[in-house]
Amino acid sequence: MFKKILIANRGEIALRIIRTCKEMGIKTVAIYSTADRESLHVRFADEAVCIGPPPSVDSYLNIPKIMAAVEITDADAIHPGYGFLSENAKFAEICQQYGVKFIGPTSEQITKMGDKITAKETMIKAGVPVVPGSEGLLKDVKDAIKTAAKIGYPVIMKATAGGGGKGMRVVWKEEDLEDNWNKAKQESKASFGNDGLYMEKFIEEPRHIEFQIIGDQFGTVIHLSERDCSIQRRHQKLVEESPSPFMTPELRERMGDAAVKAGKSIKYEGVGTIEFLVDKYRNFYFMEMNTRIQVEHPVTEEVIDRDLIKEQIKVAAGEKLAGHNYIPEMHAMECRINAEDVYKDFRPSPGKITSFHSPKGHGVRVDTHVYAGYTVPSNYDSMIAKLICKAATREECIKKMARALDEFIIEGIKTTVPFHQALMKDEQFKLGNFNTGFLNSFVLTESE
Ligand code: MV4
């Protein structure tokens, strides 16, 4: 087992990782930017190294500085968390060259899944269903027009280097194709430095259902059930839950098998997520694979009663997995609490938190790095806490969440708490009638 893990991240996830390391008897090293001096991950780690000024490129994304921190603290592993360098194949490779274990998949696995066309081709070979579409890259606009005619409108163009919604364009009819082609090319060139595009049939009003998987170094891959992440706004997830209200035992069997097949086909090591689009007929299609621990992992932890960070560290250290899948035994839901003004188009609301009280009680978990007196910096993403509730049924879970949200006191900044309070009262949400388009028509009104 590792003796000392350097956590190449900040915020709640850095703290979350430190907690598990402590329980496992592993020493921890925090790295931090000058904006995070007062952060709890710095306080609770055994050692802390300041690696630079607030901008991420000078700190949490700066590989030479991080490797220098590894060197001076003699850490034998790096946990990248999510975001930042967690899906950076180059970083994983540099770690390997340095002889420090990157807690995650191999750089080859990251590269393979990072390129969306390669990922899709890999899934087709593995026998995992994918959305019908172009064979690889579109050559030119003529090829795009021909392919769209073959697939049938509506179609969606996606950047092969994309993901998370960037550089995507939906086209409803042939006369709009050329214009969208040009725009998608420009956008993906500007965002990713790669203007490779591919095309798919556009699935209308899909659900986003993802499977958590974990693989060990001996080729065993299992799934840890699904999460429904359909409640999103501009590709930012706001609520995640498990089980999916749309799931049936039969669908879970089919999707779970596909997710495990996907992982086994690349001998996947570590925790990962297979994202699927699910249409109203319960057809499902591979969308992307995330090769990291995700923000919403606690939802899975609560329904299967396992510490995923612990499992992740164990497989990274070469331990073997027991070979069976897990299915949810409870219902869990997570609300992302962001420092944002929900009445002003969710615009960021950084600043000093003047008072803070987090909800408590049976079945309530809050993962956060903030406290009263903490200043939310404007340099990083706006998530300040995750409120996770669990109960025997979805109905009880929603009631508990509503109660917990009412108990949440955060003053000095605006947060997404009022959004979640309204959502927990929405009849369609309570019935489980939603898809990825749900928030387009969800109206939030400011009441006294
Ligand atoms: C799609 C789609 C419909 N049809 N692909 C958005 C993020 C990126 N990972 C893929 N996305 C989509 N791909 C086909 N063929 C609809 C979306 C989509 C979406 C997916 C998941 C969650 C929220 C979404 C919001 C808008 C569009």
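As shown above, the structure is provided for reference.
Thresholds applied
Residues numbered from 1 in each chain as written. Predicted model: local features only at pLDDT ≥ 70, side-chain atom pairs only at ≥ 80, totals over all residues. Heavy atoms only, no water. Pairing = 2+ DSSP bridges. Helix = DSSP H or I, 4+ residues; strand = E, 2+ residues; numbered from the N terminus. Axes fitted to C-alpha atoms, helices over the stretch in contact; angles between N-to-C directions. Salt bridge = Lys/Arg side-chain N within 4 Å of Asp/Glu carboxyl O. Buried < 20%, exposed > 50% of the residue type's maximum accessible area, 1.4 Å probe, protein only. Near = heavy atom within 4 Å. Polar contact = N/O pair within 3.5 Å; in protein donor to acceptor, adjacent residues only side chain to side chain. Areas by Shrake-Rupley, 256 points an atom, 1.4 Å probe, with all protein chains shown as cover. Nonpolar A, V, L, I, M, F, W, Y, C, P; charged D, E, K, R; others polar. Domains from an automatic or database assignment. Contact = heavy atoms within 4.5 Å.

**Some details on the sheet that holds strand β6 (residues 155-159)**
- An order of β7-β6-β8 is seen for the 3 strands of this open sheet, with the pairing classed as antiparallel. In this open sheet, the two edge strands, each paired with only one partner strand, are β7 (169-171) and β8 (197-201). The mean angle between the axes of side-by-side strands here comes to 25°, regardless of whether they run parallel or antiparallel.
- Two strands pair when backbone bridges link them, and β6 and β7 are joined in this way by 3 bridges, in the antiparallel orientation. Directly across from Ile156, in β7, lies its bridge partner Val170.

**Quick notes on unusual backbone geometry**
- Of note, the amide linkage connecting Tyr153 to Pro154 takes the cis form, showing an omega dihedral of -5°.
- With respect to the secondary-structure elements, Pro154 resides in the loop between α7 (141-151) and β6.
- Along the chain, Ser242 connects to Pro243 via a cis peptide bond; the corresponding omega equals -5°.
- Topologically, Pro243 is positioned in the loop between β11 (236-242) and α9 (249-265).
- Phi is positive for Lys267, which is not a glycine, with a value near 50°.
- Positive phi, close to 60°, is recorded for Asp345, a residue that is not glycine.

**Observations regarding the sheet that holds strand β10 (residues 221-233)**
- Read from one edge of the open sheet, 8 strands run β13-β12-β9-β10-β11-β14-β21-β19, paired in antiparallel fashion. Edge positions in the sheet fall to β13 (284-290) and β19 (364-368), since each of these pairs with one other strand and no more. On average, adjacent strands in this sheet sit at an angle of 25° to one another, irrespective of strand direction.
- Taken together, the 6 bridges between strand β12 (residues 270-278) and β13 define a ladder with antiparallel strand orientation.

**Description of the pattern of salt bridges**
- Applying the stated rule across the entire model yields 34 salt bridges.
- Here Lys386 ties to Glu12 by a salt bridge, and the two come within 2.8 Å at their closest N and O atoms. Within this pair, whereas Lys386 is found in strand β21 (residues 383-391), its partner Glu12 is found in helix α1 (residues 11-24), the two being separated by 374 residues in sequence. No difference in accessibility class separates Lys386 from Glu12, as the two residues are buried.

**Remarks on the site of the ligand**
- Around the ligand, the surrounding shell holds 17 residues, and the nearest of these are Lys158, Glu200, Lys201, Ile203 and Glu288.
- In this structure, Lys158 approaches the ligand through a side-chain N or O atom, which is 2.9 Å from a nitrogen atom.
- With respect to the ligand, the backbone of Lys201 contributes an N or O atom lying 2.7 Å from a nitrogen atom.
- When the ligand sits alone it has 520 Å² of accessible area, and the protein chains cover 89% of it.
- Among the residues making up the shell around the ligand, the classes are represented as 7 nonpolar, 6 polar and 4 charged.
- Counting residues domain by domain, the shell around the ligand receives three or more from each of domain 2 (132-201) and domain 3 (207-440).

**Considering helix α6 (residues 116-126)**
- Listed in full, the buried residues belonging to α6 are Lys116, Ile117, Ala119, Lys120, Thr122, Met123 and Ala126.
- Among the structural elements, α5 (107-114), β6, β8, α9 and β13 are those in contact with the buried residues of α6.

**Here we look at the pairing of β19**
- Of all 5 residues making up β19, 5 are buried, and the element is well covered by its neighbours.
- Bridging between β19 and β21 involves 5 bridges; their strand directions are antiparallel. Paired with Val366 across the two strands is Leu387, which belongs to β21.

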